[in-house]
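What follows is the residue order along each chain.
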Amino acid sequence: MSQSIESHLNEKRVFKPTKQFSKAARIQSLEQYRQMWEESIKRPDKFWGREAAELQWQKKWTKVLDWKEPYAQWFVGGQINVSENCLDRHLNTVRQNKAAIIWEGEPGEKRVLTYQQLFREVCRFANVLKRNKVKKGDRVLIYMPMIPEAAVAMLACARIGATHSVVFGGFSSDSIRDRIADCKAKLVITTDGGYRRGSIVPLKKNVDDALREGAHGVQKVIVYRRAGNEVHIEEGRDVWWHREMDYVDGHCPAEALDSEHPLFILYTSGSTGKPKGILHTTGGYLMQAYATSKYVFDLRDEDVYWCTADIGWVTGHSYVVYGPLACGATSLMYEGAPNWPENDRFWRIIEEYSVSVFYTAPTAIRAFIRWGDQWVKKHDLSSLRLLGSVGEPINPEAWMWYHQVIGGGRCPIVDTWWQTETGAIMITSLPGAVPTKPGSATLPFFGVDPAIVDEKGQEVGPNVGGKLVIRKPWPSMLRSIYGDKARYKKTYWSEVKGCYFAGDGARRDKDGYFWIVGRIDDVLNVAGHRLGTSEVESALVSHPAVAEAAVVGRPDELKGQGVVAFVVLKSGMIVEPHLREELRQHVGQVIGPIAKPDDVRFADALPKTRSGKIMRRLLKEIASGKAVTGDTTTLEDLSIIAQLTANND
Ligand code: WTA
């Protein structure tokens, strides 16, 4: 948690939308927002029916919602294709020759794909998938850098009804292997490599390593040549993207898919076990991705919209690809790091392409603050009209800097709360309607009914902290955890009766504004990326020297949370100087570099209660350098606290 309830209870600043912005916006006042929200809650069929009718359906639904807790079906009986809505729908309109994707590679190459061109690439690649025996319902794993072909791959899967699972390019071969096994992927799409801070990440090699051991059902690997690095090509299994494209034509009708057809599986960390495959389906997901892009970013045909998220995360799915393209917007994609070759890369891009809507994460904003205003001042950012934030609570200081230094004091900020599981934005301000308060995600989006409840599930009063829950199903909600309905029900629908439990703590102020505090389960949010403490723990114990490990978060000025690992070595092992770094590297290899602990501490044992439970509260206090307070009487061996605290170097 990067901020406590106390720290933002004192936040009193309010920023009203400017008249100029409101006048041109879709939702122009708080009253209009409230009216529409009331309608969306009281008459969801009418409200969502109207929104969904803006999309192109191959067959109209017979019923908007079928709800048998915890299972929802939206637009029952309807048939729709996501890629048709993102592409075909804009052809034969003025958008046909408009930029769909503007791309810049880290080394500096530039590409623009119009809707017509993107359509053609997607149709051809969909035929490549078919040629390689991918059928409706098959799972396809995508492990690619931020290049237009990543979007092409996703849209091509959607076109033929294959379910994609994108794995973030920063994840290791072990992570790829686990995901392939869990979703039983038939085909993998990757590149030779991708650029990151000037060096090449060997993506294809990671795929090779993932496929080397164990039984798996992957029959083909399609490799796009991006970085030109040398790769191994396995005869009979691996094929080159560009060669395959030569065999096919550009004609591929969009498959008519049931509204509940699985569109994608995206793995995310939970409080227990391995990452879970969050399952999203077609009609409801697309509609909410579309409606939120339209209302929250208030997208216009003139906009150049840039969401900096990687397609490996849900934000990249909903707000780089599906939402903006369904709106017919221009979506900018950048491949690399914000500080390559220098700290002003983002501002350079905004200036060069006249970006007007910019959506990024608080952890990035805090890094920009640290790098200094001089990098921003070198560039003309006057094209910006709207700013967005996502991924973790934004501290008021970062909010103010974003507002003043990036937004020149004139751009509204939409702080959007949502999750991999929710599929699309859930709590947010609408830029022309809702006054903002630095640090608050403000009010629920249409059709979303959140509340704050206590331990017993009772709603609490203003400014009392509690669990954030959602009381009604929403169109883009996850439908299940892939292959594990029981876990789906237990994780999300059992904690608070009749409600979806988000795993976050929050409070609501007297104006009804939500202030999200952060995760209250064993999930960390490191630089906007979710990480389960148990995942890091099992990575640590897979090292031959480690007997036991416990992982907790500690506040981190830049990343929101940092990772602290408490480690007990196997008997006979001694703490050698290099071991700390070795364990960090080991975790990096097993999960990915983002999971490397910031701090590793050794002890003879972990603090446990007499019944054997690890005392995490105590470890969190030690990790954040606080004095150990509260009840330690159940602790088995008090000397351990002294050891763990002393180990602080
Ligand atoms: C956190 C990212 C505060 C939260 C879209 C949530 C936020 C987790 C915000 C989901 C926000 C996301 N304010 N906290 N605006 N947005 N979070 O699944 O803890 O990667 O549960 O989805 O990020 O992370 P995920």
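Only a predicted model underlies this, so the values are computations on that prediction, with no experimental measurement involved.

## What about the overall build of the chain?
Next, step 1: Within the chain, the secondary structure is distributed over 21 helices and 31 strands.
Next, step 2: What you see for the chain is a C-alpha radius of gyration of 24 Å, in line with the 26 Å of a compact globule of 649 residues.
Next, step 3: In the chain, which comprises 649 residues, the proportion classed as buried is 62%.
Next, step 4: Counting contacts in the chain only where the partners sit at least 6 residues apart, residues at least 24 apart contribute 72% of the total.
Next, step 5: In the structure as shown, the chain presents an accessible area of about 24,700 Å², 50% of it carried by carbon and sulfur atoms.

## Overview of the sheet that holds strand E26 (residues 514–519)
Next, step 1: Read from one edge of the open sheet, 4 strands run E22-E23-E25-E26, paired in antiparallel fashion. In this open sheet, the two strands that pair with only one neighbour each are strand E22 (450–453) and E26. Strand-to-strand twist in this sheet, taken as the mean axis angle between neighbours without regard to direction, amounts to 45°.
Next, step 2: Looking at chain direction, E22 and strand E23 (residues 466–470) are connected through 4 bridges and run antiparallel. Opposite Pro 450, over in E23, you have Ile 470 as the bridge partner.

## Looking at the pattern of salt bridges
Next, step 1: With the rule as written, the count across this model stands at 51 salt bridges.
Next, step 2: One salt bridge in this structure joins Arg 50 and Glu 39, with 3.0 Å as the shortest N-O distance. Note that Arg 50 is positioned in helix H4 (residues 44–52) and Glu 39 in helix H3 (residues 30–42), a separation of 11 residues in sequence.
Next, step 3: Judged by its relative accessible area of 17%, Glu 39 falls in the buried class.
Next, step 4: Of the charged contacts, one joins Lys 467 and Glu 455 as a salt bridge, the two residues approaching to 3.8 Å between their closest N and O atoms. Within this pair, whereas Lys 467 is found in strand E23, its partner Glu 455 is found in the loop between E22 and E23, the two being separated by 12 residues in sequence.
Next, step 5: Classification of Lys 467 as buried rests on a relative accessible area of 9%.
Next, step 6: Salt bridges here are not isolated pairs; linked through shared partners, they connect Glu 104, Lys 110, Arg 345 and Glu 352.

## Focus on the confidence of the model for the chain
Next, step 1: With 97% of its residues at a pLDDT of 70 or more, the chain has an overall mean of 94.
Next, step 2: Averaged pLDDT values over the elements of the chain bottom out at 62 in helix H1 (residues 5–9) and peak at 99 in helix H7 (residues 148–160).

## A few points about the site of the ligand
Next, step 1: Within the structure, the ligand sits among 17 residues, and Asp 415, Thr 416, Thr 420, Asp 504 and Arg 530 are positioned closest to it.
Next, step 2: Here an oxygen atom of the ligand and a side-chain polar atom of Gln 419 are 2.9 Å apart.
Next, step 3: Against a free-state accessible area of 530 Å², the protein chains account for coverage of 97% of the ligand.

## Let's talk about the side chain of His 164
Next, step 1: Counting through the fold element by element, His 164 comes out in strand E8 (residues 163–166).
Next, step 2: Within polar-contact distance, the side chain of His 164 engages the side chain of Tyr 322 at 2.7 Å.
Next, step 3: Discounting residues that sit within four places of it in the chain, His 164 has contacts with Val 140, Ile 142, Met 154, Cys 157, Leu 263, Phe 264, Ile 265, His 317 and Tyr 322.

## Details of the packing of aromatic side chains
For any two aromatic rings, the description comes down to two numbers: the centre-to-centre distance and the angle of the planes.
Next, step 1: For the structure on display, the rule yields 39 aromatic pairs.
Next, step 2: Chaining the aromatic ring pairs together yields one cluster made of Trp 67, Tyr 71, Trp 474, Tyr 488, Tyr 492, Trp 493 and Tyr 500.
Next, step 3: Its end group placed over the ring of Trp 103, Arg 111 keeps NZ or CZ at 5.8 Å from the ring centre.
Next, step 4: In this structure, Arg 225 is placed above the aromatic ring of Trp 240, and the distance from its NZ or CZ to the ring centre is 4.5 Å.

## Considerations on the packing of helix H11 (residues 283–296) against helix H12 (residues 314–326)
Next, step 1: Where H11 meets H12, the axes come as close as 8 Å, and the angle between the chain directions of the two elements is 85°. Taken together, the axes of H11 and H12 lie roughly perpendicular to each other. Mapping the contact onto sequence places Tyr 285, Leu 286, Ala 289, Tyr 290, Thr 292 and Ser 293 in H11 and His 317, Ser 318, Tyr 319, Tyr 322, Gly 323, Pro 324 and Ala 326 in H12.

## A closer look at the state of the cysteines
Next, step 1: A full pass over the atoms with the stated rule returns 0 disulfides.
Next, step 2: Sulfur of Cys 183: no disulfide; nearest cysteine sulfur belongs to Cys 157 and is 11 Å away.
Next, step 3: With relative accessibility at 0%, the residue Cys 183 sits in the buried group.

## Focus: helix H18 (residues 533–541)
Next, step 1: Among the 9 residues of H18, 7 are classified as buried, and the element is accordingly described as predominantly covered.
Next, step 2: For H18, the complete set of buried residues consists of Thr 533, Ser 534, Glu 535, Val 536, Glu 537, Ala 539 and Leu 540.
Next, step 3: Turning to H18, the residues buried within the fold contact strand E27 (523–526), strand E28 (529–532), strand E29 (546–556), strand E30 (560–569), helix H19 (579–590) and helix H20 (616–623).

## Some points on the sheet that holds strand E14 (residues 257–258)
Next, step 1: Sheet architecture is open: 3 strands sit in the order E1-E4-E14, paired in antiparallel fashion. The outermost strands of the open sheet, each flanked by one partner alone, are strand E1 (57–59) and E14.
Next, step 2: Across 2 bridges, strand E4 (residues 79–80) lies against E14 in antiparallel orientation. Bridge pairing in E14 places Ile 80 opposite Leu 257.

## With respect to the environment of Val 314
Next, step 1: By the element assignment, Val 314 lies in helix H12.
Next, step 2: Classification of Val 314 as buried rests on a relative accessible area of 6%.
Next, step 3: Residues Val 314 and Leu 644, 330 residues apart in the sequence, show an inter-C-alpha distance of 37 Å.
Next, step 4: Non-local contacts of Val 314, meaning those with residues more than four positions away in its chain, are made with Leu 266, Trp 418, Gln 419, Thr 420 and Gly 423.

## A word on the pairing of E29
Next, step 1: Two strands pair when backbone bridges link them, and E29 and E30 are joined in this way by 10 bridges, in the antiparallel orientation. Following the sheet pairing, Asp 556 is matched in E30 by Gly 560.
Next, step 2: Linking E29 to E30, which pair antiparallel, is a turn of 3 residues.

## Observations concerning the environment of Phe 125
Next, step 1: For Phe 125, the position within the fold is in helix H6 (residues 115–131).
Next, step 2: Between the C-alpha atom of Phe 125 and that of Ala 156, which follows or precedes it by 31 residues, the distance is 6.1 Å.
Next, step 3: Sequence-distant contacts of Phe 125, that is, excluding residues within four places in its chain, are made with Val 152, Ala 153, Ala 156, Ile 189, Ile 222, Trp 241 and Met 245.

Each value, and the rule that gives it
- Numbers given for residues are sequential positions, taken from 1 along each chain in its written order.
- Reporting in this predicted model follows two pLDDT cut-offs: at least 70 for local features of residues, and 80 or more for side-chain atom pairs to be given and counted; totals over whole chains, interfaces and linings ignore these cut-offs and use all residues.
- Only hydrogens and water are removed before side-chain values are computed, so all heavy atoms of the structure are retained for them.
- Numbering goes from the N terminus for both helices and strands, where a helix is a DSSP run of H or I of at least four residues and a strand is a run of E of at least two.
- Each radius of gyration reported is based on C-alpha atoms, and the globular scaling rule is 2.2 Å times the count of residues to the power 0.38.
- For the exposure calls, accessible area comes from a 1.4 Å probe over protein chains only, and a residue counts as buried if that area is under 20% of its type's maximum, exposed if over 50%, partly exposed in between.
- Two residues qualify as a contact provided that any one of their heavy atoms is within 4.5 Å of a heavy atom in the partner residue.
- Using a 1.4 Å probe, the Shrake-Rupley method yields the accessible areas, and only the shown protein chains count as cover for residues.
- When DSSP finds two or more bridges between two strands, those strands count as paired.
- Angles run from 0 to 180 degrees between N-to-C directions of axes, and those axes are lines fitted to C-alpha atoms, restricted for helices to the stretch in contact.
- Counted as salt bridges are all cases of a side-chain nitrogen of Lys or Arg within 4 Å of a carboxyl oxygen of Asp or Glu.
- Predictor confidence is given residue by residue as pLDDT, running from a minimum of 0 to a maximum of 100.
- By convention in these notes, a residue is near a molecule or strand provided one of its non-hydrogen atoms lies within 4 Å of it.
- Whenever a nitrogen or oxygen atom comes within 3.5 Å of another N or O atom, the pair is scored as a polar contact, on the condition that within protein one atom can donate a hydrogen and the other can accept it, and that pairs from neighbouring residues in sequence are kept only if both atoms are in side chains.
- Note on aromatic contacts: the rings of Phe and Tyr and the six-membered ring of Trp form a pair at centre separations within 6.5 Å, being stacked when their planes are under 30 degrees apart, edge-to-face when over 60 apart, and tilted otherwise.
- Whether a charge sits over a ring comes down to the Lys NZ or Arg CZ being within 6 Å of the ring centre and within 35 degrees of the ring normal.
- When an angle is under 35 degrees it counts as roughly parallel; over 145 it counts as roughly antiparallel; between 65 and 115 it counts as roughly perpendicular; any other value is oblique.
- By convention in this document, the label disulfide applies to cysteine sulfur atom pairs within 2.5 Å.

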